[in-house]
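One-letter residues, chain by chain:
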Amino acid sequence: SQWGEENLQALSIQEGEDVTMNCSYKTYTTVVQWYRQKSGKGPAQLILIRSNEREKRSGRLRATLDTSSQSSSLSITGTLATDTAVYFCATATNTGKLTFGDGTVLTVKP
Amino acid sequence: DPKIIQKPKYLVAVTGSEKILICEQYLGHNAMYWYRQSAKKPLEFMFSYSYQKLMDNQTASSRFQPQSSKKNHLDLQITALKPDDSATYFCASSQDYRGDTLYFGAGTRLSVL
């Protein structure tokens, strides 16, 4: 998991495997966003899930949100080597401020 | 083509000097932001602007001054540089000031010697 006092995590898997990354957040939010950052690039939003959705899918991605436990997960099915990146979850205030977790470093070996 | 242009991509500065980081967005967005990413900390929010007005400032030091000459332009001036300022600085924008999808530039990597 990321956020709070957790440190940056690292996962290494083989191409084709499925992976799930988790995060928990401390402050109340109605929206959780997942971002991916590839080496040398800025973060790019993958999926945004709202509190009334519980689950959201986009291609090979699936995000869940449990507001009761203040946790979210991102799953990637059939990973590709190009999925290698750092994955962050983030919450936003209504002032536009995004608070990012420490991130999960995902390495997908071909 | 990148829609958020940050210049320069790499920057080396000496302690005590002053540098300006450039950011332009061509997405037609009304809100722009600066974030910082260092080796020791996750992405940190610095500033948010909406229609060229400062909305939120989470940077304790006055050495960091955003400058917005146009709605699609938000530069970051850093004075009296310190080695601890070494980080990658990301500019971002969003359609409006609601905290939904942010689009990030590729960043400026600043090294202070």
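Preceding block: the structure.
Quick look at the structure, then.

Criteria and cut-off values
Residues numbered from 1 in each chain as written. Chains lettered and ligands numbered in written order. Predicted model: local features only at pLDDT ≥ 70, side-chain atom pairs only at ≥ 80, totals over all residues. Heavy atoms only, no water. Pairing = 2+ DSSP bridges. Helix = DSSP H or I, 4+ residues; strand = E, 2+ residues; numbered from the N terminus. Axes fitted to C-alpha atoms, helices over the stretch in contact; angles between N-to-C directions. Contact = heavy atoms within 4.5 Å. 1 Å grid on protein atoms, 1.4 Å probe; cavity = no way out; pocket = protein on both sides within 12 Å on 5 of 7 lines; lining within 4 Å. Points joined across faces, edges and corners; volume = space filled by probe spheres on them. Nonpolar A, V, L, I, M, F, W, Y, C, P; charged D, E, K, R; others polar. Disulfide = S-S within 2.5 Å. Buried < 20%, exposed > 50% of the residue type's maximum accessible area, 1.4 Å probe, protein only.

**With respect to the sheet that holds strand 5 (residues 55–58) of chain A**
Residue and element names in this part refer to chain A.
Part 1 of the argument: Taken in spatial order, the four strands make up an open sheet running 2-7-6-5, and their pairing is antiparallel. Edge strands, defined here as strands with exactly one partner in the open sheet, are strand 2 (19–24) and strand 5. Within this sheet the neighbouring strands show an average axis-to-axis angle of 15°, counted without direction.
Part 2 of the argument: As paired elements, strand 5 and strand 6 (residues 61–66) share four bridges and run antiparallel to each other. Within strand 6, the residue paired with Arg57 across the bridge is Arg62.

**Side note on the side chain of B:Thr88**
Part 1 of the argument: As for its position among the elements, B:Thr88 is in strand 9 (residues 87–94).
Part 2 of the argument: If sequence neighbours within four positions are ignored, B:Thr88 has contacts with B:Tyr35, B:Arg36, B:Gln37, B:Gly107, B:Thr108 and B:Arg109.

**Considerations on the environment of B:Val12**
Residue and element names in this part refer to chain B.
Part 1 of the argument: Position of Val12 among the secondary structure elements: in strand 2 (residues 10–13).
Part 2 of the argument: The sequence separation of Val12 and Ala106 amounts to 94 residues, and the corresponding C-alpha distance is 17 Å.
Part 3 of the argument: In this structure Val12 touches Lys19, Ser111 and Leu113, once residues within four positions along its chain are discounted.

**Some remarks on the layout of surface pockets**
Part 1 of the argument: Reported here for the largest pocket is a volume of approximately 500 Å³.
Part 2 of the argument: As for the largest pocket, its lining consists of 25 residues, and the residues nearest its centre are A:Gln37, B:Gln37, B:Ser38, B:Thr88 and B:Phe90.
Part 3 of the argument: Only strand 8 (85–92) of chain A together with strand 4 (31–38), strand 5 (41–50), strand 9 and strand 11 (108–112) of chain B provide two or more residues apiece to the lining of the largest pocket.
Part 4 of the argument: Tallied by class, residues from the lining of the largest pocket come to nine nonpolar, nine polar and seven charged.

**Points about the state of the cysteines**
Part 1 of the argument: All chains considered together, the criterion is met by two disulfides over all chains.
Part 2 of the argument: For A:Cys23, the disulfide goes to A:Cys89, at an S-S distance of 2.2 Å. The disulfide joining A:Cys23 to A:Cys89 has a torsion of about 125° about its S-S bond and is therefore right-handed. Of this pair, A:Cys23 sits in strand 2 while A:Cys89 is found in strand 8, placing the two residues 66 residues apart along the sequence. The pair A:Cys23 / A:Cys89 is uniform in exposure class, with both members buried.
Part 3 of the argument: The disulfide partner of B:Cys23 is B:Cys91, and the S-S distance across this bridge is 1.9 Å. Across the disulfide from B:Cys23 to B:Cys91, rotation about the S-S bond amounts to roughly -70°, and the bridge is consequently left-handed. With B:Cys23 in strand 3 (residues 19–25) and B:Cys91 in strand 9, this pair connects stretches of sequence that are 68 residues apart. Considered together, B:Cys23 and B:Cys91 belong to a single accessibility category, that of buried residues.

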